[in-house]
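# Fold and geometry: a report
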Amino acid sequence: MSPIPKAELHLHIEGTLEPELAFELAHRNGVDLPYADPEQLRSAYAFSDLQSFLDLYYQLMDVLRTEDDFTALAEAYLARAAREGVRHAEIFFDPQAHTSRGVELDAVVRGLRRALDAAPERHGISTKLIMCFLRDLPQESALATFEACRPYFGVAIAGVGLDSAEVGNPASKFADVYRLAREAGLRLVAHAGEEGGPEYVREALDVLGVERIDHGIRAIEDPELVERLVRERIPLTVCPFSNVRLRCVDTLADHPLPAMLAAGLLVTVNSDDPAYFGGYVDENFAGIREALDLTDSQLRVLARNSFEASFLEDDEERRKALLAEVDAYRFPGQG
Ligand code: ADE
Ligand code: ZN
């Protein structure tokens, strides 16, 4: 049975680095990993919060060195995503996490683009690339990265995002670089309301002017904010497996997604860092279906939302066609 067609809008390409590929690249690049084998590495994936994950995540990135490494990483994700029913993907990458290790920006962007540019034909997936600023670094570093990426704006890089350690690093720290990004015509998103409270979401909207909120689960604690997100149709890219693995939510059964849907929020389901959190996007769909007892029509709404919330304004024909595919989809057991 083929999975329901969907867009993935919250996916860190570095978070798709599977232990097997990490070992292969480590061997190729002469990098010593402090683990005996992929199984031992995988068994280290027990996180107590966002920071405990980020520590391992940035450490493992050290195996990514060459343009070919980035192509291999993105190609592996796209092949997997195609099997998960993904038809459109808006993909994050963290330039600072690579340039700070001496990897050329050009190797990162060209390597990723090589896989992304082949994806429509090879995998039936259209893509956009979004550069994220690391919010635990100073805005000066974000500004320098933004300027270094300027040659790629438009075709190669479609937007900017904000990720890494949220609490203590509010959106207002990045007001200047987001103003420049808006002036450059880029799309604007930011992680907010993952570990941080509703005030982080409000700041991302008011100070950065973002069009979409990544995570945003804690917005549900503030009825006035919820009303605004509904009124302005601001999408929230929710990542259920991630929220449980990073202990933002106790169990899948406790996830606020049903309350978010009931409130009328434009919610989408995504995988965040699937190699670390126990599943790709269709496993997230299957997991919430089971744990939260979602109906087929709720799953169809989530799939529709993913295309509605995507930045496909430059190809409305494709958006319409993909929405029609969702409407025509028959769930297993459905006549
Ligand atoms: N970088 C990769 N995954 C992230 C997440 N879930 N939150 C913040 N930064 C991240
Ligand atoms: Zn994320």
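This section reports on the structure supplied with the text. All of these numbers come straight from a predicted model, not from anything done at the bench.

### Observations concerning the nonpolar core
If you look at the biggest cluster of nonpolar residues, it comprises 114 residues, and the most contacted ones within it are Y77, Y178, L257 and L302. With 8 residues, helix α6 (residues 105-123) is the largest single contributor of residues to this core. If near-sequence neighbours (up to four positions away) are discounted, L257 is found in contact with V238, V267, V269, I288, L292, L294 and L302. Counting residues in hydrophobic clusters, the runner-up holds 5 residues, among them F92, I130, C132 and V189.

### A word on the coordination of the zinc ion (ligand 2)
At 2.1 to 2.3 Å from the zinc ion (ligand 2) lie its protein donor atoms, namely H10 (NE2), H12 (NE2), H191 (NE2) and D272 (OD). Around the zinc ion (ligand 2), the 4 donor atoms are arranged such that angles at the metal cover 83 to 174°; this shape is classified as irregular. Ordering the donors of the zinc ion (ligand 2) by residue number gives the pattern H-x1-H-x178-H-x80-D. Here H191 lies in strand β5 (residues 187-192) and H10 lies in strand β1 (residues 6-12), a separation of 181 residues in the sequence. On the basis of relative accessibility, which here comes to 0%, the residue H10 falls in the buried class.

### Brief notes about the pairing of β1
The element β1 is largely enclosed, with a buried count of 7 among its 7 residues. As defined by bridge partners, β1 adjoins strand β2 (residues 86-93) across 5 bridges and the pair is classed as parallel. Bridge pairing links H12 to F92 in β2.

### A closer look at the site of ligand 1
Inspection of the region around ligand 1 gives H12, L50, F53, L54, Y57, D163, S164, H191, E194, H215, D272 and D273 as its neighbouring residues. In this structure, D272 approaches ligand 1 through a side-chain N or O atom, which is 2.7 Å from a nitrogen atom. Between ligand 1 and D273 there is a distance of 2.7 Å, counted from a nitrogen atom to a side-chain nitrogen or oxygen. When ligand 1 is considered free in solution it has 260 Å² of accessible area, and contact with the protein chains removes 100% of it. Looking at the shell around ligand 1 element by element, the count peaks at 4 residues for helix α3 (residues 50-60).

### Observations concerning the pattern of salt bridges
Considering all chains together, one arrives at 34 salt bridges under this definition. Residue E67 pairs with R110 through a salt bridge whose shortest N-O separation is 3.9 Å. Placement of E67 in helix α4 (residues 67-83) and of R110 in helix α6 is noted, with a sequence separation of 43 residues between them. Given the relative accessible area of 27%, E67 is considered partly exposed. Assessed through its relative accessible area of 48%, R110 is described here as partly exposed. Note that D296 is salt-bridged to R289, the shortest N-O span being 2.3 Å. Residue D296 is classed as partly exposed on the basis of its relative accessible area, which comes to 25%.

### Quick word on the sheet that holds strand β7 (residues 236-238)
The sheet built from 8 strands is open, its strands ordered β1-β2-β3-β4-β5-β6-β7-β8 with parallel pairing. The two strands at the open ends of the sheet, each matched to only one other strand, are β1 and β8 (267-269). Direction aside, the axes of adjacent strands within the sheet are offset by 25° on average. Judged from the 5 bridges that link them, strand β3 (residues 126-134) and strand β4 (residues 159-163) form a sheet pairing that is parallel. When the sheet's bridge partners are listed, C132 is paired in β4 with G161.

Conventions used here
Residues numbered from 1 in each chain as written. Chains lettered and ligands numbered in written order. Predicted model: local features only at pLDDT ≥ 70, side-chain atom pairs only at ≥ 80, totals over all residues. Heavy atoms only, no water. Core = buried A, V, L, I, M, F, W, Y, C linked by side-chain atoms within 4.5 Å. Buried < 20%, exposed > 50% of the residue type's maximum accessible area, 1.4 Å probe, protein only. Helix = DSSP H or I, 4+ residues; strand = E, 2+ residues; numbered from the N terminus. Contact = heavy atoms within 4.5 Å. Donors = N, O, S within 2.8 Å, 3.2 Å for Na, K, Ca; no water. Tetrahedral: all angles 85-135°; square planar, octahedral: opposite > 155°, others 65-115°. Pairing = 2+ DSSP bridges. Near = heavy atom within 4 Å. Polar contact = N/O pair within 3.5 Å; in protein donor to acceptor, adjacent residues only side chain to side chain. Areas by Shrake-Rupley, 256 points an atom, 1.4 Å probe, with all protein chains shown as cover. Salt bridge = Lys/Arg side-chain N within 4 Å of Asp/Glu carboxyl O. Axes fitted to C-alpha atoms, helices over the stretch in contact; angles between N-to-C directions.

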